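# Notes for the structure review
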Amino acid sequence: MLLAKTLRSSTFRLALMAIAAFGLIVAAIMAYVYVGTLAYVERRLGAAVDHDGFTGMIELAMVAVAVLLLVLAGLAAVLVTRRTVGRIEEINATSRAIMQSGLDRRIPLRGSHDEWDRVAENLNQMLDRIETLMGEVKQVSDNVAHDLRTPLTRMRGRLEKAYHTPRNSEADAALIGDTIADLDAVLGMFASITRISEIETRARRSAFRALNLTEIAGEVVELYDAAAEEVTTRLGLDGDREVAITGDRDLLFDAVANLVDNAIKHGRKGGQVTVTCRNANGGAVIAIADDGPGIPTEARDHVFKRFYRLEQSRYTPGNGLGLSLVAAVARLHGAEIALHDNAPGLTVRLQFPRTGPQLA
């Protein structure tokens, strides 16, 4: 089966063409050597001497060499093509299995560490990435369905109740107000998704300019000071007065605001939230630290995914898009984002290049 595919493959035809070209070159060289040898012998021994025996030996030797070269070349072409076709068939078989049964199959490696093994490794890594992305898409779809079901169910219940009860202006006004609030929550969710997608496609880079990160952080702290006081949390700003970066002011403000809002909401009531801006390691660093329960280590790789929430029942307010927006803004600005244990609590640290990414 494999031999038949080898003989029918385009690689084998190319190998035969290469052998034919090589054979023509070898034949020309051998003809030149043959004629030259006879001419040399005639000059040395003279035309009167019988050269038939000597000529026959040369012709026989050249025919033997030509046949041997032809056999070896054909054998080499078959073996090389068979190996190539065999590896291609492994890739094709795995591809067919993936199309039929799912993304759990992988291309086998032979341990030769050659170019075919490297191709297989790259394809396997690509399949791993696709499988991860498909899992995330499924998870996002499930979370969106769950988050939409609650407000839509509430709205339908209110409207059905209103439909079957006599009109009452006060009750109708309350129902309309609650329904509008639920619709605003749903529309806000889709607006957040759209904004994250816009940021991830780098559609906002035209607004990049020189900024002072400390100034942005100060405005966020001032905005959330009242919210922190409601839960008796102390909110403060620390670090350098001038921390220069290049970026989009509105997006950076939203990212820092999301982190501060999370620190206040999920930190300890009566605790401390500190926003620190510094020039460090040749770049700009902002860190938001709280002294609350923090985030489990095993969940830190997931919290920046869309709709991911530590509270799996998803009955608490929120939609799990805040940290996704922060991660998108960080990527747009070439920043590295990391979560560290504050013992107790959590520190979210963003490190920006001093001059920001190159502007398009």
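This structure is a prediction, so every number in the text was calculated from the model and none was measured.

Time to look at the overall build of the chain. Looking only at helices and strands, one finds eight helices and seven strands in the chain. Every one of the 360 residues in the chain was classed for burial, and the buried ones make up 35%. On the chain, roughly 21800 Å² of surface is accessible, and the fraction owed to carbon and sulfur atoms is 61%.

With that settled, consider the pattern of salt bridges. Across all of its chains, the model carries eight salt bridges by this definition. R156 is the salt-bridge partner of E160, the closest N and O atoms lying 2.7 Å from each other. Of this pair, E160 and R156 both sit in helix α4 (residues 115-163), separated by four residues, roughly a single helical turn. In this structure, E219 and R249 form a salt bridge, with 2.4 Å as the shortest nitrogen-oxygen distance. Of the two residues, E219 sits in helix α6 (residues 213-230) while R249 sits in helix α7 (residues 249-266), which places them 30 residues apart along the sequence.

Let's shift gears to a nonpolar patch on the surface. Together, I25, I29, Y32 and V33 give the surface a local cluster of nonpolar side chains, amounting to about 460 Å² of exposed area. Relative to the helices and strands, I29 resides in helix α2 (residues 10-45).

Moving on to the packing of α7 against helix α8 (residues 322-332). Helix-helix packing is characterised by the crossing angle of the two axes and by the distance between the axes. Closest axis-to-axis distance for the α7/α8 pair is 9 Å, and the angle between their directions is 140 degrees. Here α7 is positioned oblique relative to α8, judged by the angle of their axes. Crossing of α7 over α8 shows left-handed handedness. From α7, L251, L252, D254, A255, N258, L259 and N262 reach across to α8, where they touch G322, L323, L325, V326, V329 and L332. Here the contact of α7 with α8 is built from residues that sort into nine nonpolar, three polar and one charged.

This paragraph deals with the packing of α6 against α7. Closest axis-to-axis distance for the α6/α7 pair is 9 Å, and the angle between their directions is 35 degrees. Crossing handedness for the pair α6 and α7: right-handed. Residue-level inspection shows E215, I216, A217, E219, V220, L223, Y224, A227 and A228 of α6 in contact with α7, the latter providing R249, L252, F253, V256, A257, V260, D261 and I264. For the contact of α6 with α7, the residue count by class is 13 nonpolar, no polar and four charged.

Moving on to the environment of A185. Structurally, A185 can be placed in helix α5 (residues 169-200). Since its relative accessible area comes to 46%, A185 is described here as partly exposed. Sequence separation of A185 and L148 is 37 residues, and the distance between their C-alpha atoms is 9.3 Å.

Moving on to empty space enclosed by the protein. Empty pockets left among the atoms are what a rolling probe the size of a water molecule brings to light. Enumeration according to the criterion identifies one cavity of 30 Å³ or more in this entry. Counted as a void, the largest cavity has a volume near 50 Å³. For the largest cavity, the full set of lining residues is L213, L252, A255, V256, L259, I286, V329, L350 and F352. Only α7 and β7 (346-353) provide two or more residues apiece to the lining of the largest cavity. Tallying contributions element by element places α7 first for the lining of the largest cavity, with four residues. Across the lining of the largest cavity, the residue classes break down as nine nonpolar, no polar and no charged.

Nonpolar side chains in soluble globular proteins tend to be buried together. Formed by 52 residues in total, the largest nonpolar core has its most connected members in L235, V260, I286 and F352. Contributing elements (two or more residues each) for this core: α5, α6, α7, β4 (272-280), β5 (283-290), α8 and β7. Looking at which element gives the most residues to this core, the answer is α7, with nine residues. Formed by six residues, the second largest nonpolar core is a distinct cluster that contains V26, M30, L38 and M62.

Turning our eyes to something else, we now look at α7. With 18 residues, α7 should cover 26 Å at 1.5 Å per step; its first-to-last C-alpha distance of 26 Å lies within 8% of that length. Here α7 has its buried residues at L251, L252, A255, V256, A257, L259, V260, D261, A263 and I264.

Procedures and definitions
Residues numbered from 1 in each chain as written. Predicted model: local features only at pLDDT ≥ 70, side-chain atom pairs only at ≥ 80, totals over all residues. Heavy atoms only, no water. Helix = DSSP H or I, 4+ residues; strand = E, 2+ residues; numbered from the N terminus. Buried < 20%, exposed > 50% of the residue type's maximum accessible area, 1.4 Å probe, protein only. Areas by Shrake-Rupley, 256 points an atom, 1.4 Å probe, with all protein chains shown as cover. Salt bridge = Lys/Arg side-chain N within 4 Å of Asp/Glu carboxyl O. Patch = residues over 30% accessible without salt bridge, like charges linked within 9 Å, V, L, I, M, F, W, Y side chains within 5 Å. Axes fitted to C-alpha atoms, helices over the stretch in contact; angles between N-to-C directions. Parallel < 35°, antiparallel > 145°, perpendicular 65-115°, else oblique. Left-handed = near helix turned anticlockwise from the far one by under 90°. Contact = heavy atoms within 4.5 Å. Nonpolar A, V, L, I, M, F, W, Y, C, P; charged D, E, K, R; others polar. 1 Å grid on protein atoms, 1.4 Å probe; cavity = no way out; pocket = protein on both sides within 12 Å on 5 of 7 lines; lining within 4 Å. Points joined across faces, edges and corners; volume = space filled by probe spheres on them. Core = buried A, V, L, I, M, F, W, Y, C linked by side-chain atoms within 4.5 Å. Expected span 1.5 Å × (residues − 1).

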